[in-house]
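In case you want the letters, here they are:
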Amino acid sequence: MEINLTTPPAGSPPLGKEQQAAGVGILLQISMLVLSFVLGHVLRRHKFYYLPEASASLLIGFSLAPKPFFSNFGAIVTFAILGTLIASVVTGLLVYLGGLTFIMYRLPLVECMMFGALISATDPVTVLSIFQELGSDMNLYALVFGESVLNDAMAISLYRTMSSVRSHASSEQHFFMLIVRFLETFVGSMSSGVGVGFISALLFKYAGLDIDNLQNLECCLFVLFPYFSYMLAEGLGLSGIVSILFTGVVMKHYTFSNLSESSQHFAAAFFHLISSLAETFIFIYMGFDIAIEQHSWSHIGFIFFSILFIGVARAANVFSCAYLVNLIRPTNRKIPLKHQKALWYSGLRGAMAFALALQSVHDLPEGHGQTIFTATTAIVVLTVLLIGGSTGTVLESLDVVGDVNNDSLGESFDGNNGYIAPSYEEGTSSGSRLKMRLKEFHKSAASAASFTALDKNYLTPFFTSQNDDEEDLDGQPQEARRAGFREH
């Protein structure tokens with residue numbers, strides 16, 4: 001029997017029409033991307049910050065220098081993990097209590113916790129864009145950036161945990177399941193991502209790929225490792241997004257330095273291009289999805305009070321975590337109150353909250369899922385337009401932008417995740433310089449257990465072929481010494 005493969009099934013549109021429709025859709029998407037980038041360039045050129053757009057803010061990528069990120073790693077983890085947990089629980093409980101008091105649409109407790117988890121994922125790309133345009137203290141920039149990177153992983157893990165608890169039959173095992181499922185999702189996904197990142201660092205360190213005729217292979221492997229991490233986690237029933245996030249952090253810090261110079265340039269340009277295109281497309285997709293999806297606008301009270309509760313939860317997150325961090329830090333290293341206020345105000349909601357809310361439409365009963373999705377959509381739009389549009393004015397009023405060193409007073413970072421004594425100036429006397437070096441040595445010895453000390457003394461030498469921060473006794477960097485060796 002002869003089968004005509006080109007004949008479409010009965011009742012379906014002709015194949016040519018399908019291809020034409022697909023082509024028109026792709027053309028529309030490309031046109032929107034081009035328009036977004038052009039609009040972003042125009043807005044940035046005219047320093048117009050009151051209409052935050054995706055392409056301008058998303059061009060930041062992972063442009064944060066590793067040193068301030070890892071120097072503030074302890075504080076970042078506190079805000080991203082403990083703070084996100086606090087924000088999720090506070091939001092969920094307030095929404096549940098609001099339903100009990102009949103001031104808003106009532107949801108079961110577990111579903112309120114799911115809503116609290118998904119809405120706690122911050123996406124302050126607009127704030128970071130304005131930080132970069134106006135200039136800001138690197139401590140504040142590192143905290144905002146680091147929290148936004150890591151709290152997505154925490155929010156995903158909490159949401160999946162609550163979703164699993166909701167579907168479990170035995171209510172007596174809810175608390176035990178909550179802990180086990182969270183550890184399985186977050187710790188498992190993080191471990192797989194970190195493991196793949198470290199394996200890639202060792203491969204590029206010892207495989208000898210940094211020669212001319214193997215640079216194409218080097219670049220291909222570097223691009224493939226993050227996607228390998230994603231698929232590995234998904235195959236193990238974990239979160240691929242969480243896994244690829246930690247793989248990216250590890251590879252940026254360790255693997256990237258093992259690449260040849262030309263491969264480093266290619267990888268930086270490639271991921272910069274892909275991230276700009278992909279994330280701008282996500283915002284365009286959000287716009288289309290907001291218009292296409294069905295929304296439940298009958299519960300305006302749920303939206304209004306959710307916005308208020310999110311502000312309260314964000315305050316509980318930021319100020320409680322800052323208080324804990326400041327208990328550990330000495331007086332000259334504490335997070336200033338104006339930085340805490342900026343952190344609170346920078347808690348915009350974006351693509352991650354939207355994606356989890358869209359997932360809740362399928363995970364929850366129709367009315368409940370639609371209510372959460374509608375509320376999240378409204379919150380994302382309002383925070384991006386209102387908060388994002390006023391961010392420049394607010395940050396200037398808090399005096400945290402305009403001078404990259406206005407708060408650090410010439411300070412840099414140390415292993416205690418905060419500020420250290422001012423750096424040495426050329427006019428400093430030899431005796432004062434010696435005293436300051438001795439003080440630094442004492443502080444570094446006292447904080448040997450810190451992550452920065454562990455990274456500098458053990459991880460970086462083991463996983464990388466060179467340490468860019470290492471200096472000789474005469475203060476010359478490694479590159480200068482190598483140049484001297486080549487000249488001789």
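None of the values given here were measured: they were computed from a predicted structure.

Scanning the protein from terminus to terminus reveals 18 helices and 0 strands. Each of the 488 residues in the protein was classed as buried or not, and the buried ones make up 44%. Sequence separation of at least 24 residues holds for 77% of the intrachain contacts in the protein that already meet a minimum separation of 6. With the model as given, the accessible surface of the protein reaches about 24,900 Å², and the carbon-plus-sulfur share is 66%.

Judged by nonpolar contacts, the single largest core of 71 residues is most densely connected at Phe79, Phe115, Leu118 and Phe131. Ignoring anything within four residues of it in the chain, the contact list for Phe115 reads Thr91, Val95, Phe302, Ser306, Ile372, Ala375, Thr376 and Ile379. Formed by 8 residues, the second largest nonpolar core is a distinct cluster that contains Val196, Phe204, Phe225 and Leu259.

Unusually for a residue other than glycine, Phe102 sits at a positive phi of about 65 degrees. Here Phe102 is to be found in the loop between α4 (73-100) and α5 (109-119). By relative accessible area, which is 71% here, Phe102 ends up exposed. Of note in the backbone geometry, Asp399 takes a positive phi value of approximately 60 degrees without being a glycine. Here Asp399 shows up in the loop between α15 (366-397) and α16 (430-446). For Asp399, a relative accessible area of 43% gives the class partly exposed.

In this section: the confidence of the model for the protein. Low-pLDDT portions of the prediction should not be read for the details of their coordinates. Per-chain confidence: the protein averages 75 in pLDDT, with 67% of residues scoring 70 or above. Averaged pLDDT values for the elements of the protein fall to 36 in helix α2 (residues 54-58) and rise to 94 in α5. Note on residues 437-442: pLDDT under 50 across the span, and 2 contacts to partners over four residues away in sequence or across chains. Note on residues 444-449: pLDDT is under 50 here. Beyond four places in sequence and across chains, it has 4 contacts.

This paragraph deals with the environment of Val165. Note on placement: Val165 falls in helix α7 (residues 138-167). For Val165, a relative accessible area of 4% translates into the label buried.

This paragraph deals with the pattern of salt bridges. Under the criterion given, the structure shown has 3 salt bridges. Linking Arg314 and Glu147 is a salt bridge whose minimum nitrogen-to-oxygen distance equals 2.7 Å. Of this pair, Arg314 sits in helix α12 (residues 300-328) while Glu147 sits in helix α7; the two residues are 167 residues apart in sequence, bridging distant segments of the chain. On the basis of relative accessible area, Arg314 is assigned to the buried category, the value being 4%. Given the relative accessible area of 2%, Glu147 is considered buried.

Positionally, Glu111 belongs in helix α5. Residue Glu111 is classed as buried on the basis of its relative accessible area, which comes to 4%. Leave out the neighbours within four places in its chain, and Glu111 touches Arg166, Leu364, Pro365, His368 and Ile372.

For Gly116, the location among the structural elements is in helix α5. Sequence separation between Gly116 and Leu93 is 23 residues, and the spatial gap between their C-alpha atoms is 8.3 Å. When near neighbours in sequence (up to four residues on either side) are disregarded, Gly116 contacts Ser88, Thr91 and Gly92.

This part covers the side chain of Ser157. Looking at the secondary structure, you find Ser157 in helix α7. Note on Ser157: relative accessible area 0%, which makes it buried. Residues within four places of Ser157 in sequence aside, it is in contact with Phe182, Thr185, Phe186 and Val242.

Moving on: α5. In an α-helix, one turn spans 3.6 residues, which is why side chains three or four residues apart end up on the same side. Among the 11 residues of α5, 9 are classified as buried, and the element is accordingly described as predominantly covered. Inspection of α5 places Glu111, Cys112, Met113, Met114, Phe115, Gly116, Ala117, Leu118 and Ile119 among the buried residues, and these make up the whole buried set. Buried residues along α5 sit against α4, α7, α12, α14 (351-363) and α15.

At a closest axis distance of 10 Å, the pairing of helix α9 (residues 215-235) and helix α11 (residues 261-292) adopts a crossing angle of 40 degrees. Compared by their axis directions, α9 and α11 come out oblique. With respect to the hand of their crossing, α9 and α11 are arranged in right-handed fashion. Contacts between α9 and α11 pair Gln215, Glu218, Cys219, Phe222 and Val223 from the former with Ser262, Ser263, Phe266, Ala267, Phe270 and Phe271 from the latter. Of the residues belonging to the contact of α9 with α11, the class tally is 7 nonpolar, 3 polar and 1 charged.

What follows is about a nonpolar patch on the surface. Taken together, the side chains of Leu82, Leu85, Val89, Leu93, Leu109, Tyr323, Leu324, Leu327 and Ile328 define a hydrophobic patch exposed on the protein surface, amounting to about 820 Å² of accessible area. Among the elements of the structure, α4 and α12 are those that each provide at least two residues to the nonpolar patch. Checked against the element boundaries, Leu93 lands in helix α4. Owing to a relative accessible area of 38%, Leu93 belongs among the partly exposed residues under this scheme.

Applying the stated criterion to the full structure yields 18 aromatic pairs. Ring plane angle 55 degrees and centroid distance 5.5 Å describe the contact between Phe115 and Phe302, whose orientation is recorded as tilted. Of the two residues, Phe115 is situated in helix α5 and Phe302 in helix α12; the sequence distance between them amounts to 187 residues. What makes Phe115 buried here is its relative accessible area of 0%. For Phe302, a relative accessible area of 1% puts it in the buried group. Each residue in the set Phe204, Phe222, Phe225, Phe256, Phe266, Phe270 and Phe271 is aromatic and connected to the rest through ring pairs, giving one cluster. In this structure, Lys205 packs its charged tip against the face of Phe462, placed 6.0 Å from the ring centre.

Calculation rules
- Residues numbered from 1 in each chain as written.
- Predicted model: local features only at pLDDT ≥ 70, side-chain atom pairs only at ≥ 80, totals over all residues.
- Heavy atoms only, no water.
- Helix = DSSP H or I, 4+ residues; strand = E, 2+ residues; numbered from the N terminus.
- Buried < 20%, exposed > 50% of the residue type's maximum accessible area, 1.4 Å probe, protein only.
- Contact = heavy atoms within 4.5 Å.
- Areas by Shrake-Rupley, 256 points an atom, 1.4 Å probe, with all protein chains shown as cover.
- Core = buried A, V, L, I, M, F, W, Y, C linked by side-chain atoms within 4.5 Å.
- pLDDT = per-residue confidence, 0-100.
- Salt bridge = Lys/Arg side-chain N within 4 Å of Asp/Glu carboxyl O.
- Axes fitted to C-alpha atoms, helices over the stretch in contact; angles between N-to-C directions.
- Parallel < 35°, antiparallel > 145°, perpendicular 65-115°, else oblique.
- Left-handed = near helix turned anticlockwise from the far one by under 90°.
- Nonpolar A, V, L, I, M, F, W, Y, C, P; charged D, E, K, R; others polar.
- Patch = residues over 30% accessible without salt bridge, like charges linked within 9 Å, V, L, I, M, F, W, Y side chains within 5 Å.
- Phe/Tyr/Trp six-rings, centres within 6.5 Å; stacked < 30°, edge-to-face > 60°.
- Lys NZ or Arg CZ within 6 Å of the ring centre and 35° of its normal.

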